[in-house]
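A closer look at the structure
Chain by chain, the residues:
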Amino acid sequence: MTDPSSDRPEDRGHRPRGRHRAERNRGRQNGTGPGAAGGTVAAENEPGGTGTTEGHDVGSTGASAASSTPTDGGADGSASNSPEADHRAWSALWAMVLGFFMILVDATIVSTAIPAITAGLDTDISGVLWVTSGYLLAYAVPLLITGRLGDRVGPRTVYLWGLGIFTAASLWCGLSQDIAGLVLARVVQGLGAALMTPQTMTIITRMFPARSRGAALGIWGATAGVATLVGPLLGGVLVDLAGWRWIFWVNVPVGIFALWRAWTRLPRLPVRSHSFDVPGVLLSGIGLFLVVFGIQEGETYNWGTVVGPVTVWLLIGTGLAVLVAFVVWQRFTPAEPLVPLSLFRDRNFSLANIAMAAVSLTVNSMIIPAMLYLQVVRGLNPTVAALSYAPMSLLSAFLAPVVGRALTRVAPRSLALPGMLVMAAGLAVYALALRPGTPVLLLAALTLVIGLGSAMIWSPVSLTATADMGPDVAGAGSGVFNATRQVAAAIGSAMVAVLMQSRLAANLPAGASSGAGELGASSTAGGLPAPLQDGFSLAMTQSLMLPVAVLLLGALAAAFFRPPHWHTGHGSRQGSGGGSPQGSGQGPGPGVAQG
């Protein structure tokens, strides 16, 4: 194991030399910077954790004490490659997978329970849609903040907070007696999910050396693939067998077990003392809320007036202006920024965020036209329609870990670029096959091509984003990456909904209803009338060309990924001021940036 000296180039994260020197001098003066008092860091603020000096073990009486874990694993090259450390890292990963799976399933599980919730709580469709919208909004908006919070108080602590809140809110959801109470409980549930998500990537980044991190990210990606399938299916089964409340109550025993696993398996990683950028927190929270709310609810308000003089476009425009102010503040704040803009000086981090935005937009938008076609034109019930996408999800889940392991031998670009192109081609062929007489089994088979491309994308893109990320900015970087993913998902759903309305109006006969929601009701009566099926199918085909085009833009970003340092033989350029040699006194090894 290398000596994790606090003044090594890679520990400076992504900061250029001049700015780092100034920040280090300020840190020495106030005793909090990486160059202060020998680089003092603190163990996570939990029972069993005590203060420690960087490079020494963290004292603990607990089984998961940092004395048995790598101190700053991952991006800074100090993760141990011993079998014991490898076992601890994988044990921690599996402890997080269950919680991560729960929060992803809950993003989609409500979709099949909407009619049951509407009847059970005596509400209307606009009210019940907020059960999902409130969760997604509370999930997406705080991600920048919760990512940095993990840097400050420790990813294990924040993950446990989030999992506890999520589990308790799940019980609250099931006990709700009216729609207002259910929406409020879902908002709290979303906040718990926001606390958890960035910590999963942070812990992977810090515990797994960069060269072997792809396998861990493959499991992370496979979890997302399985959750995409399980959400609607599990929701349908639970509603049919036990009632809608059990789609939330099922989280309680699973959450308690996940809490126990996380408490005993997740390490108390050392944390550096970070100031908290309160103006940055307020600006980012307000800006993201206005933008995500405007995009997510634009269709509900017909992209017009929300209340009084406030319009959807005013909300989005104001939100964008606040986010610009946030970026300016991050550039000039005298304190430590919430999001170090130097993260984006790394070409790979910036391009990986673009690529992930393209994939997230695609995955969350392509399902809407496809499900409408299968239910409205073909007359399938929601569970059977969701099952037609099972081949895609299962293949993606099976191949994602294989792709992750392959990243120890090949550069991420070699997999991500063809994956983007294969997924785009598969989705284009699937879209063109949406015709009234196309066999459903053929459509299910075509999803295998989409799943093959998807499996080749998640791990390489995530590894590209984290390969050169220093441990002191791992939480901030994870927050940015996950916020990008969630905001892109909201944008994708909104964009495809608007496009579907436009194409339905253009392709259906005059006088026919062009509202997908109204037409959706016909699926319960045996399908759409035959004279309207061709026009409806064509509208769905044209709508799916939007995610195809976005995937091609993502492929363009992936084409410019820089090979990681273990493929090029050069040191990580991040935070090294031009790749200066390290003074670790250790030869090249996995996850160690080379000079």
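Before reading on, note that the structure itself is shown above.
No experiment lies behind these values; they were computed from the predicted model shown. (Residues numbered from 1 in each chain as written. Predicted model: local features only at pLDDT ≥ 70, side-chain atom pairs only at ≥ 80, totals over all residues. Heavy atoms only, no water.)

Here the focus is the overall build of the protein. Helices and strands together make up the secondary structure of the protein, namely 22 helices and four strands. By residue count, 59% of the 595 residues in the protein fall in the buried class. At a minimum sequence separation of 6, the contacts of the protein that also span at least 24 residues come to 81%. Carbon and sulfur atoms make up 67% of the accessible area of the protein, which amounts to about 21,800 Å² in all. (Helix = DSSP H or I, 4+ residues; strand = E, 2+ residues; numbered from the N terminus. Buried < 20%, exposed > 50% of the residue type's maximum accessible area, 1.4 Å probe, protein only. Contact = heavy atoms within 4.5 Å. Areas by Shrake-Rupley, 256 points an atom, 1.4 Å probe, with all protein chains shown as cover.)

If you walk through the whole model with that rule in mind, you get two salt bridges. When the shortest N-O distance is used, the salt bridge between Arg186 and Asp106 registers 3.3 Å. Residue Arg186 is found in helix H7 (residues 179–207), and its partner Asp106 is found in the loop between helix H2 (83–105) and helix H3 (114–120); the two are separated by 80 residues along the sequence. In terms of burial, Arg186 and Asp106 fall into one category: buried. One salt bridge in this structure joins Arg562 and Asp346, with 3.4 Å as the shortest N-O distance. Separated by 216 residues along the polypeptide, Arg562 in the loop between helix H21 (530–558) and helix H22 (565–568) and Asp346 in the loop between helix H12 (312–332) and helix H13 (347–377) bring together distant segments of the chain. Relative accessible area serves as the criterion here: at 0%, Asp346 is assigned to the buried category. (Salt bridge = Lys/Arg side-chain N within 4 Å of Asp/Glu carboxyl O.)

Let's shift gears to the packing of aromatic side chains. Applying the stated criterion across every chain yields a total of 10 aromatic pairs. Here Trp246 and Trp249 contribute two aromatic rings whose centre-to-centre distance is 5.3 Å and whose plane-to-plane angle is 85°, an arrangement assigned as edge-to-face. Taken as a pair, Trp246 and Trp249 lie in helix H9 (residues 246–249) at a separation of three residues, close to a single helical turn. Taking the relative accessible area as the measure of exposure, Trp249 reaches 21% and is therefore partly exposed. One aromatic cluster is present, formed by Trp130, Phe289 and Phe293 through successive ring pairs. The ring of Trp263 carries Arg156 above its face, with NZ or CZ at 4.7 Å from the centroid. A cation sits over an aromatic face here: Arg186 above Tyr135, 4.3 Å from the ring centre. (Phe/Tyr/Trp six-rings, centres within 6.5 Å; stacked < 30°, edge-to-face > 60°. Lys NZ or Arg CZ within 6 Å of the ring centre and 35° of its normal.)

With that out of the way, let us pick up helix H17 (residues 440–455). Given 3.6 residues per turn, any residue in an α-helix points the same way as the ones three and four places further on. The end-to-end C-alpha distance of H17, which contains 16 residues, comes to 23 Å, matching closely the 22 Å that a straight helix rising 1.5 Å per residue would cover. Of the surrounding elements, those touching the buried residues of H17 are H13, helix H15 (390–406), helix H16 (412–432) and helix H18 (458–466). (Expected span 1.5 Å × (residues − 1).)

With 141 residues, the main nonpolar core has Leu182, Tyr430, Val461, Phe536 and Met540 as its most contacted residues. It is H13 that contributes the most residues to this core, 15 residues altogether. Setting aside anything within four residues of it in sequence, one finds Val461 in contact with Ala352, Ala355, Met356, Ala416, Phe481 and Phe561. (Core = buried A, V, L, I, M, F, W, Y, C linked by side-chain atoms within 4.5 Å.)

So, on to the environment of Gly304. Positionally, Gly304 belongs in the loop between helix H11 (278–297) and strand S3 (305–307). Take Gly304: its relative accessible area is 21%, and that puts it in the partly exposed class. Sequence-wise, Gly304 and Leu314 are 10 residues apart; in three dimensions their C-alpha atoms are separated by 9.4 Å. When sequence neighbours within four positions are dropped, the list of residues in contact with Gly304 reads Thr311 and Val312.

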